[in-house]
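Read off the chains here:
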Amino acid sequence: MKIGPTCLLLAALAQPAFADDDGGHRYQPMPASYVQECGSCHAPFPPRLLPNESWRRLMDNLPRHYGTDASLDTPTQRALATWLAANASTRLRSAPPEDRITRTRWFVREHDEVPAAAWKRPAIKSAANCSACHEGAALGDYNEHAVRIPR
């Protein structure tokens, strides 16, 4: 069977984005409910950025989610908790302090060249605002070659 250039292009476009700055993992498509519920306040973080124990604690404490009530209806909470557990990091040896992605050794190492003052810029506001510098963050794409740090 002969494969033409159009088929190759379509196959390449059908593949999920590759995030080479986080260990080369292909991201899992995110459920619409995760993007809608979690992405309404912050980037819908890929589950591979935290271990299962962190996701479990976060999902069990949604009424007190970093100072905000992020409660969900029971079916949605259960479905998202199951999805997060199935896609959580298996590489992280322990949960980061306060279960914060921004406190993982990986995050600190990847962002060590970012000056402390940059996190306080109005367009960034905090290290948790991934989409300020990573345009593909909402899709789970954190490719370091596409980073644009706002001034």
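Refer to the structure printed above.
A short tour of the structure in this document, coming up. All values derive from a computational prediction rather than experimental measurement.

### Description of the nonpolar core
Counting residues in hydrophobic clusters, the biggest one holds 23 residues, and the most contacted among them are Tyr-34, Phe-45 and Trp-55. Looking at this core, the elements that each hand over two or more residues are α2 (32-38), α3 (52-60), α4 (74-87) and α5 (105-110). Not counting chain neighbours up to four residues away, the residues in contact with Tyr-34 comprise Gly-39, Pro-44, Phe-45, Trp-55, Leu-80, Trp-83 and Leu-84.

### Some remarks on a positive patch on the surface
A contiguous patch of positive charge on the surface is contributed by Arg-91, Arg-93, Arg-105 and Arg-109. If you trace the backbone, Arg-93 turns up in the loop between α4 and α5. Judged by its relative accessible area of 77%, Arg-93 is exposed.

### What about the packing of aromatic side chains?
The tally for this structure, following the rule as stated, stands at three aromatic pairs. Both rings, one in Tyr-34 and one in Trp-83, keep their centres 4.9 Å apart while their planes meet at 55°; by these two values the pair is tilted. Of the two residues, Tyr-34 sits in helix α2 while Trp-83 sits in helix α4, which places them 49 residues apart along the sequence.

### Structural notes on α3
Taken as a whole, α3 has its buried residues at Ser-54, Trp-55, Leu-58 and Met-59. For α3, the arc enclosing every buried residue in end-on projection is 125°, short of the 170-degree limit, so these residues lie on one face.

### Some words on unusual backbone geometry
A positive phi is found at Asp-99, a non-glycine position, where the angle reads about 55°. If you trace the backbone, Asp-99 turns up in the loop between α4 and α5. One non-glycine residue, Lys-125, adopts positive backbone phi at about 75°.

Reading guide: rules and limits
- Residues numbered from 1 in each chain as written.
- Predicted model: local features only at pLDDT ≥ 70, side-chain atom pairs only at ≥ 80, totals over all residues.
- Heavy atoms only, no water.
- Core = buried A, V, L, I, M, F, W, Y, C linked by side-chain atoms within 4.5 Å.
- Buried < 20%, exposed > 50% of the residue type's maximum accessible area, 1.4 Å probe, protein only.
- Helix = DSSP H or I, 4+ residues; strand = E, 2+ residues; numbered from the N terminus.
- Contact = heavy atoms within 4.5 Å.
- Patch = residues over 30% accessible without salt bridge, like charges linked within 9 Å, V, L, I, M, F, W, Y side chains within 5 Å.
- Areas by Shrake-Rupley, 256 points an atom, 1.4 Å probe, with all protein chains shown as cover.
- Salt bridge = Lys/Arg side-chain N within 4 Å of Asp/Glu carboxyl O.
- Lys, Arg positive; Asp, Glu negative; His and termini not counted.
- Charge placed at Lys NZ, Arg CZ, Asp CG, Glu CD.
- Phe/Tyr/Trp six-rings, centres within 6.5 Å; stacked < 30°, edge-to-face > 60°.
- Arc of directions from axis to C-beta.

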